[in-house]
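Architecture at a glance
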Amino acid sequence: MAERRTGAKKKQAGTDVPSRLAVRKTYKLYLGGAFPRSESGRSYPVTSADGDHLANASLASRKDARDAVVAARKAFGDWSGRTAYNRGQILYRVAEVLEGRRAQFVDQVMTFQGATRAEADRIVSATIDDWVHHAGWTDKFAQVLGGVNPVAGPYYNHSAPEPTGVVVVFAPQNAPLLGLTSVVAPIIATGNTAVVVASENAPLVAIDLAEVFATSDLPGGVVNLLTGRVDELGPHLAAHADVDALDLTGCGQRAVEFEKTAAATLTRVLRPGPEADADEGVWLNSTPGTTRLAAFLETKTVWHPIGM
């Protein structure tokens, strides 16, 4: 019987037999709950904080971007129609799965950002806590951001926030894990769906986070993740007629250009804040608040006569 190869080093006539080669991970896109390669077949090299080559990431094309918007639009009806409690359960499940893969993400943060283990552990802990935080907001933001309005007349006037729709997110370039979570979690917590352009320099962390989404009951299409060039994907997504809103946090100097482009389709825009170019440390010390929860909500007001 042939001996099975175990990968362990063995002595054969005084010679070391090399251990097995590691299985290299293929980093793909995340669209509609699946992990396809870019339709263009292109990729680009990704390096560590020390300049070492780590892997090749998919270089998404305009066709991939269109497919991502289609997937997000298809998922919007179901996701926005779910109960707030159910959305909270699913976001909490994201935190549970992420907690189980803590060691992997700590190593990723150390590799990409040159952080110490203690710093990386704090960043990963804050990321998990952020998902728990937004899971708790799913059934509360309507009371905080809506309510009964005083009117001069025999009328009942009530305003309630509703999700805007498909939101394109340009993730922070220098905060690929906590920064990414900080911009995506409030968008989906409020019932929107997202097309995310990951950090161009550190996209692998985003794809690993997409694997958490895929195994945490988050329906396919709620978050769609593209890796590639902002300069290539940005103008097309900003002009896309089926995109309802843009988060320009990670656009850098092209934010004004993309905002002008989006104006043609009346797209809601969130401009970059002071944290746009910051690393994970700044996001770590910031308070989530309600600004991003409210950024992609529309207000629906209902009038009704009193006594009828």
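**So, the packing of aromatic side chains**
One pass over the structure, following the stated rule, counts 3 aromatic pairs. On the basis of an interplanar angle of 75° and a centroid distance of 5.6 Å, the ring pair of tryptophan 131 and phenylalanine 213 is categorised as edge-to-face. You can see tryptophan 131 sitting in helix 4 (residues 117-137) and its partner phenylalanine 213 sitting in helix 7 (residues 204-214), a full 82 residues away along the chain. With a relative accessible area of 0%, tryptophan 131 lands in the buried category.

**Things to note about unusual backbone geometry**
Phi angles above zero are rare outside glycine, and aspartate 217 is one such case at about 75°. Mapped onto the secondary structure, aspartate 217 falls in the loop between helix 7 and strand 9 (223-226). For aspartate 217, a relative accessible area of 55% corresponds to the exposed category. Of note in this structure, leucine 266 is not a glycine but carries a positive phi near 55°. One can find leucine 266 in the loop between helix 9 (255-262) and strand 11 (268-270).

**A short note on a nonpolar patch on the surface**
Judged by side-chain polarity, Val148, Tyr156 and Ile306 come together as a nonpolar surface patch covering roughly 320 Å² of accessible area. By secondary structure assignment, the location of valine 148 is in strand 5 (residues 147-148). Judged by its relative accessible area of 57%, valine 148 falls in the exposed class.

**Observations concerning the sheet that holds strand 5**
Sheet architecture is open: 3 strands sit in the order 5-6-12, paired in antiparallel fashion. One side of each edge strand has no neighbouring strand; the edge strands of this open sheet are strand 5 and strand 12 (297-305).

Parameters and conventions
- Residues numbered from 1 in each chain as written.
- Predicted model: local features only at pLDDT ≥ 70, side-chain atom pairs only at ≥ 80, totals over all residues.
- Heavy atoms only, no water.
- Phe/Tyr/Trp six-rings, centres within 6.5 Å; stacked < 30°, edge-to-face > 60°.
- Helix = DSSP H or I, 4+ residues; strand = E, 2+ residues; numbered from the N terminus.
- Buried < 20%, exposed > 50% of the residue type's maximum accessible area, 1.4 Å probe, protein only.
- Patch = residues over 30% accessible without salt bridge, like charges linked within 9 Å, V, L, I, M, F, W, Y side chains within 5 Å.
- Areas by Shrake-Rupley, 256 points an atom, 1.4 Å probe, with all protein chains shown as cover.
- Salt bridge = Lys/Arg side-chain N within 4 Å of Asp/Glu carboxyl O.
- Pairing = 2+ DSSP bridges.

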